[in-house]
Amino acid sequence: MLSVKIKGYFNRELYVLSGSRILTLARRRGLIYMSIREEVKARIKEGRLFQLKPLNEKDNKRRTVLMSAEISQMIFGPWLPGPMGFRCARLRGDLENIITAEHITVCWDPFKARDEQIGRLDRVQDEVWDLRSQEPKPGLRVFFRFAEKDVFVALTCAPRSVSVSWLRRLPLLDRTSREWRDAIIECRREWRVLFPTYEPISGTSVDDYLTGGVLL
Amino acid sequence: MITSQEESFFSELAAGHSGPTIPESKRVYFQTRLRNRIFNFILGKFVVEQKNGLTKALLARRIGKTPEVINRWLGSPSNLTTDSISDLLLGICAGELTPQSESLLNQSRRNSTPAPWIKEDGKWQTKFDQGKPTSTNDTVELPLLKMAS
């Protein structure tokens, strides 16, 4: 009986028997690879997910940033005068940079971060990442996952070291703190609310997740 | 096509020299953009020169900075002084910055979203190939839904 090796995304291989139901599904391609996209489009249509577009139309767009309602409320403004407005304006600039930058510095190993722009968090199998919006103080961390390569889904935000009145979460503080653990759990939960049946992508190298990732 | 959000965002800029004060939060947004652009420019130069043997340690020595400073400058965007920008470009590529600017007004789109499957009208299309195995243990390449580069 013919045995077929399916070489799918991320070079993962699966051997299935010809004529099997799994192979039938795989050959329909769209049923497997398109479904997360259908979910994304549905969430956008429902007003539960928002696509960030740079305000300057001339910007090159290399990646996609999708945002939860929580993040979008910070990003879309209007920004009121004062610390919250300034901080959210900075954050928008940093998120837009994810869309437009040719290179993005990446911390691949948890707990090894220095000043990289994004990083994988522990446990790596949770596929939760954070964006470091460090200046000005207070530093913020935006927790996100990848729906596809170059498709960031920003879900939650927390202050890094000091409390922020307009963020409902406590500062993350030490990397082994309960707040860090809770932030990762909450990110996963928010993902599950949006995409009940789909996991974020998983990879073995930076290039599996984004174009232009730089390990310094 | 300029959206109403963009028109509103640029309204103070479009008002001319006698227009209203540009809100500080908007100025902060553009300050962030400039920091990111400069950082991206410098990082791009460094990435190129890495292929020619440049390391952070070598760069640090060349411009008289500690490795920690170089890590910070190349790790993420920051409020670099013009002196630091100059030092970095000298050390990375024996170059200097040649500033130029472009108007934020009267914009036209440069390229479409990198994820064209997200369309505002909710419709989208994919391409299919009907790859079939040709022999035992043959590899079936499932074509990916490619996003615009």
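Preceding block: the structure.
Residues numbered from 1 in each chain as written. Chains lettered and ligands numbered in written order. Predicted model: local features only at pLDDT ≥ 70, side-chain atom pairs only at ≥ 80, totals over all residues. Heavy atoms only, no water.

Draft legend 1. Highlighting the overall build of chain B. When helices and strands are counted, chain B shows 6 helices and 1 strand. Put simply, chain B runs from its N terminus to its C terminus through helices and strands in the order α-α-α-α-α-α-β. Taking all 149 residues of chain B together, the buried fraction comes to 36%. Residue pairs at least 24 apart in sequence account for 53% of intrachain contacts in chain B once pairs closer than 6 positions are excluded. (Helix = DSSP H or I, 4+ residues; strand = E, 2+ residues; numbered from the N terminus. Buried < 20%, exposed > 50% of the residue type's maximum accessible area, 1.4 Å probe, protein only. Contact = heavy atoms within 4.5 Å.)

Draft legend 2. Region of the structure containing the sheet that holds strand E5 (residues 104-107) of chain A. Residue and element names in this part refer to chain A. Read across the sheet, 8 strands follow the order E3-E4-E9-E8-E7-E6-E5-E10 without closing on themselves; strand pairing throughout is mixed. Edge strands, defined here as strands with exactly one partner in the open sheet, are strand E3 (49-51) and strand E10 (213-214). When strand E6 (residues 118-120) meets strand E7 (residues 129-133), the two strands line up antiparallel, connected through 3 bridges. Across the sheet, the residue bridging to Ile118 is Leu131, located in E7. Sheet strands in contact with helix H6 (residues 178-194) are E3, E7, strand E8 (140-148) and strand E9 (151-159), and its direction is about 40° off that of E8. (Pairing = 2+ DSSP bridges. Axes fitted to C-alpha atoms, helices over the stretch in contact; angles between N-to-C directions.)

Draft legend 3. Region of interest: unusual backbone geometry. Residues and elements named next belong to chain A. Each neighbour pair has its own omega, and for Asp122 with Arg123 the value is 10°, a cis peptide bond. Topologically, Arg123 is positioned in the loop between E6 and E7. Within the chain, Phe111 stands out as a residue other than glycine whose phi angle is a positive 70°. Here Phe111 is to be found in the loop between E5 and E6. At Glu127, a residue that is not glycine, the phi angle is positive and equals roughly 55°. Tracing the backbone shows Glu127 in the loop between E6 and E7.

Draft legend 4. Structural detail: the pattern of salt bridges. Under the definition given, this model contains 21 salt bridges over all chains. Linking Arg37 of chain B and Asp59 of chain A is a salt bridge whose minimum nitrogen-to-oxygen distance equals 3.4 Å. With Arg37 of chain B in helix H3 (residues 24-50) and Asp59 of chain A in the loop between E3 and strand E4 (64-68), the pair connects residues from two separate chains. According to the relative accessible area criterion, Arg37 of chain B is partly exposed, its value standing at 42%. With relative accessibility at 8%, the residue Asp59 of chain A sits in the buried group. Salt-bridge contacts for Asp130 of chain A lead to Arg141 of chain A; the nearest nitrogen and oxygen are separated by 2.6 Å. Pair noted here: Asp130 of chain A is in strand E7 and Arg141 of chain A is in strand E8, with a separation of 11 residues, a long-range link. Via salt bridges that share partners, Asp59, Arg92 and Glu96 of chain A together with Arg33 and Arg37 of chain B belong to a single interconnected network. (Salt bridge = Lys/Arg side-chain N within 4 Å of Asp/Glu carboxyl O.)

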